[in-house]
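Structure at a glance
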Amino acid sequence: MAEPPKLRVLMVSDFFFPNFGGVENHIYYLSQCLLKLGHKVVVMTHAYGNRSGVRYMTGGLKVYYVPWRPFVMQTTFPTVYGTLPIVRSILRREKITVVHGHQAFSTLCHEALMHARTMGYKVVFTDHSLYGFADVGSIHMNKVLQFSLADIDQAICVSHTSKENTVLRSGLSPAKVFMIPNAVDTAMFKPASVRPSTEIITIVVISRLVYRKGADLLVEVIPEVCRLYPNVRFVVGGDGPKHVRLEEMREKHSLQDRVEMLGAVPHSRVRSVLVTGHIFLNSSLTEAFCIAILEAASCGLLTVSTRVGGVPEVLPDDMVVLAEPDPDDMVRAIEKAISILPSVNPEEMHNRMKKLYSWQDVAKRTEIVYDRALKCSNRNLLERLSRFLSCGAWAGKLFCMVMILDYLLWRLLQLLQPDEDIEEAPDIRLCHQRGVEVSEGLKEEDKVRNG
Amino acid sequence: MVSLSLSNKRYTYIHESESKPTREAIDIHHVIINGGRATGYARRRGLGFFLVFLASSMYFLLGKDNPVRTLSWGCLLSGFLVMLQSRKFVNKESVIIMPTFGIQLETQYLSGKTVSRFIPIGKILKPVLVECVTPITCYWSLSLFLRGEEQLTLVFKELRPPLKMLVPIWKALCAAIGTDHQSETLAEEEYNVSS
């Protein structure tokens, strides 16, 4: 008989598959590695179109697609208390011990963390992005974050820069924040078996073509590099609103044969695009971590990137050339990269990346965070309310009222549907033997009464 | 003969089968709403009758003043609505398994009405236990995959019995349609059913 799982984790976020991106990938890989370590992981997210209900993914990862409508940018409509019944149901059914929320922009995450705290569960939060302080949107976002993080047990950030940013925005104590970087699936991102010839140097760019990712910088940099180096060509993968500007640039400088635009590249094909190149160019204006350059380094490409956010922390100095987010500085950086290109060995780079970054390592470190969270003492309602009062003159009192109401609603729910009435779901472990999947055994208790 | 009986606060599950189960024996599974609820519904029906009676008496005895009239109409209407609702109150749902022939799904209401549906054995592809997620809650349900139909057919349309009551019915259905579900459980896992 398999031993019972050591920890039972609920990952909550608005962002999960079938949507594709950094946060989704992070949650998926982390969950898979935690499952391999013997823990039980359940993911909760909102329904995507027709995909609603319970689904099982690889390794027995159970995903609840809760039928709440997303409203803007894939986040659930914020009803504050609306998700309390379903969150309570899931927490009790799966006998969860730790709730792990992802991404500050996810309303479902904040609501679930609030309800989990009210019901006495241990809570961990991971922040994946950097945010500003000055504009209206950021100010409100930071206030919500302050409320959410006032009461959590532990927090995780993906880089030291991100940790500084989160601590400043939320007023959280730095002692509670752990730094665990993202990782890359080095088994999937391998260099090409035969390195492309260096007669023509190929520079690869794969990113969403939006302002934040520095698409405007590309428009300045590409013609200049093409003018200085006749043997350089560019491959641009990705789509977005700035696509039009890049097309215009191609037309204006007649670079149709030197700049290839691939359009949106599905993640499964990213590796095949990367291995055609020698240099990877990242022009983001802000980045908490940047998994894209990890993927490029894992494929043996030399990286040229803007020195923003957490990017300098990601790769060793000999694998990356950094530049300010300014076209001239970036052109200089590309020149330097081209000059050191002959000394770069893709296989050796890949092997170094394998040792530096792995999801198994991330999972082990996250496990330590969970253990630390479980050791945090339980606080009753009054102690928790005192933490909220320090959030601000008006905001503190508002947050206290929100939490008191949440507590009362929880008690009311307990009256209407007692905890014992929520039946526990059996743990279903997938075993692959002769192509058959389900393993489920149920033992009927001796409650037989002869009528 | 009752061979198995389970109950919790809301539902009672009764399994009737032959004393010596042969392959052709008919298998009957009932899920009954517990007494408290049934009398609750009867009480509501009684309330409905009372409201109608009150309405008519108010109308005739207290004269035809406007506020009295509207009040009596209000009582009359609510009384009718309560009585209509009581027709929807389910008393019992049953599954009658007739091997090699088919299964009959029956719903018995408090008003005495019984609605039944027969499904021939050839039409059933597979019975499945599904977790249904709503915006508010999550519960288990037993459904059937039917040939030629896109949607799953619920075995228990109105009631939501707990998993421990659904599992023996699911196993019986699998046995009846010939799916050898035992070969699929290669690794058994302990699951202690809590009351």
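Not measured: the values here are computed from a predicted model. (Residues numbered from 1 in each chain as written. Chains lettered and ligands numbered in written order. Predicted model: local features only at pLDDT ≥ 70, side-chain atom pairs only at ≥ 80, totals over all residues. Heavy atoms only, no water.)

Things to note about the sheet that holds strand β9 (residues 153-154) of chain B
Which entries qualify depends on this criterion: Any two strands between which DSSP finds at least two bridges are classified as paired. Secondary structure is summarised from DSSP: a helix means a run of H or I of at least four residues, a strand means a run of E of at least two, and numbering begins at the N terminus for each. Any pair of residues with heavy atoms lying within 4.5 Å of one another is described as a contacting pair. Simply put, an axis is a line fit to the C-alpha atoms, just over the touching stretch for a helix, and the angle between two N-to-C directions goes from 0 to 180 degrees.
Overall, antiparallel pairing links the three strands, which are arranged β7-β8-β9 (chain B) in an open sheet. The open sheet terminates on both sides in strands that have one partner only, identified here as β7 (124-133) and β9 of chain B. Examined bridge by bridge, strand β8 (residues 138-146) of chain B and β9 of chain B share two bridges and lie antiparallel to one another. In the strand pairing of β9 of chain B, L144 of chain B is matched with T153 of chain B. Helix α2 (residues 84-93) of chain A rests against β7 and β8 of chain B of the sheet, and its axis sits at about 85 degrees to β8 of chain B. Relative to the sheet, helix α3 (residues 163-177) of chain B contacts β7 and β8 of chain B, its axis offset from that of β7 of chain B by approximately 160 degrees.

Considerations on the side chain of H39 of chain A
All names here are of chain A. Worth spelling out the cut-off: Burial here depends on accessible area, computed with a 1.4 Å probe over protein chains only, as a share of the maximum for the residue type. Under 20% is buried, over 50% is exposed, and the range in between is partly exposed. Nitrogen and oxygen atoms within 3.5 Å of one another constitute a polar contact, given that in protein one can donate a hydrogen and the other can accept it, and given that sequence-neighbouring residues count only through two side-chain atoms.
Turning to its location among the elements, H39 is positioned in the loop between α1 (22-36) and β2 (40-46). Taking relative accessible area as the criterion, H39 reaches 4% and is therefore assigned buried. Within the local environment of H39, its side chain forms a polar contact with the backbone nitrogen of L7, the two atoms lying 3.2 Å apart. A polar contact is formed between the side chain of H39 and the side chain of E367, at a distance of 2.7 Å.

Thoughts on the sheet that holds strand β5 (residues 102-109) of chain B
Residue and element names in this part refer to chain B. One open sheet accounts for six strands, arranged β1-β2-β3-β4-β5-β6; its pairing is antiparallel. The outermost strands of the open sheet, each flanked by one partner alone, are β1 (2-7) and β6 (114-120). Taken over all neighbouring pairs, the strand axes of this sheet differ in orientation by 10 degrees on average, direction set aside. Relative to strand β2 (residues 11-16), β1 runs antiparallel, the two sharing five bridges. Residue pairing in the sheet places S5 in a bridge with I14 of β2.

Details of the packing of aromatic side chains
All names here are of chain A. How we decide: To pair, rings of Phe, Tyr and Trp, with the six-membered ring standing in for Trp, must have centres within 6.5 Å; the planes then decide the type, stacked if under 30 degrees apart, edge-to-face if over 60, and tilted in the middle.
Evaluation of the coordinates by the stated rule reveals twelve aromatic pairs over all chains. Between Y28 and Y29, the aromatic rings sit 5.8 Å apart at their centres with planes inclined by 65 degrees, giving edge-to-face as the arrangement. For the residue pair Y28 and Y29, the accessibility class agrees, reading buried in each case. With a centroid separation of 5.4 Å and an interplanar angle of 35 degrees, the aromatic rings of F147 and F388 are classed as tilted. Of this pair, F147 sits in helix α4 (residues 136-149) while F388 is found in helix α13 (residues 381-389), placing the two residues 241 residues apart along the sequence. In this structure, F147 and F388 share a single accessibility class: buried.

Brief notes about α1 of chain A
Residues and elements named next belong to chain A. The test is simple: Take the number of residues in a helix, subtract one, and multiply by 1.5 Å to get its expected span.
The terminal C-alpha atoms of α1 lie 21 Å apart, and with 15 residues this matches the ideal 21 Å at 1.5 Å per residue to within 8%. Counted residue by residue, α1 has 13 buried out of 15 residues, so it is predominantly covered. Following α1 by one or two positions, G38 adopts a phi angle in the positive range, close to 100 degrees.

What to know about the pattern of salt bridges
Basically, it comes down to this: What makes a salt bridge here is a side-chain nitrogen of Lys or Arg within 4 Å of a carboxyl oxygen of Asp or Glu, nothing more.
Following the criterion strictly, the structure yields 27 salt bridges over all chains and no others. One salt bridge in this structure joins R233 of chain A and E260 of chain A, with 2.8 Å as the shortest N-O distance. Residue R233 of chain A is located in strand β12 (residues 232-237), and its partner E260 of chain A is located in strand β13 (residues 259-263); the two are separated by 27 residues in the primary sequence. A relative accessible area of 35% places E260 of chain A in the partly exposed class. Between K123 of chain B and E149 of chain B there is a salt bridge, with the nearest N and O atoms lying 3.1 Å from each other. Taken together, the positions of K123 of chain B in the loop between β6 and β7 and E149 of chain B in the loop between β8 and β9 put the pair 26 residues apart, joining distant regions of the chain. Bridged by salt links that share partners, the residues R8, K40, K62, R93, E94 and D427 of chain A together with E131 of chain B form one connected network.

Details of the pairing of β8 of chain B
All names here are of chain B. Burial of β8 is extensive: seven of the nine residues sit out of reach of the surface. Pairing of β7 with β8, which is carried by nine bridges, proceeds in the antiparallel orientation. Bridging across to β8, V133 finds its partner in C138. With antiparallel pairing between neighbouring strands as the criterion, β7 and β8 make up a hairpin whose turn holds four residues. Here β8 folds back onto β9 in antiparallel fashion, the turn holding six residues, of which G148 has a positive phi close to 80 degrees.

A word on helix α3 (residues 107-118) of chain A
Residues and elements named next belong to chain A. End to end, α3 covers 17 Å across twelve residues, agreeing with the expected 16 Å (1.5 Å per residue, within 8%). Of all twelve residues making up α3, twelve are buried, and the element is well covered by its neighbours. Downstream of α3 by a residue or two, G120 has a phi angle that is positive, lying close to 90 degrees.

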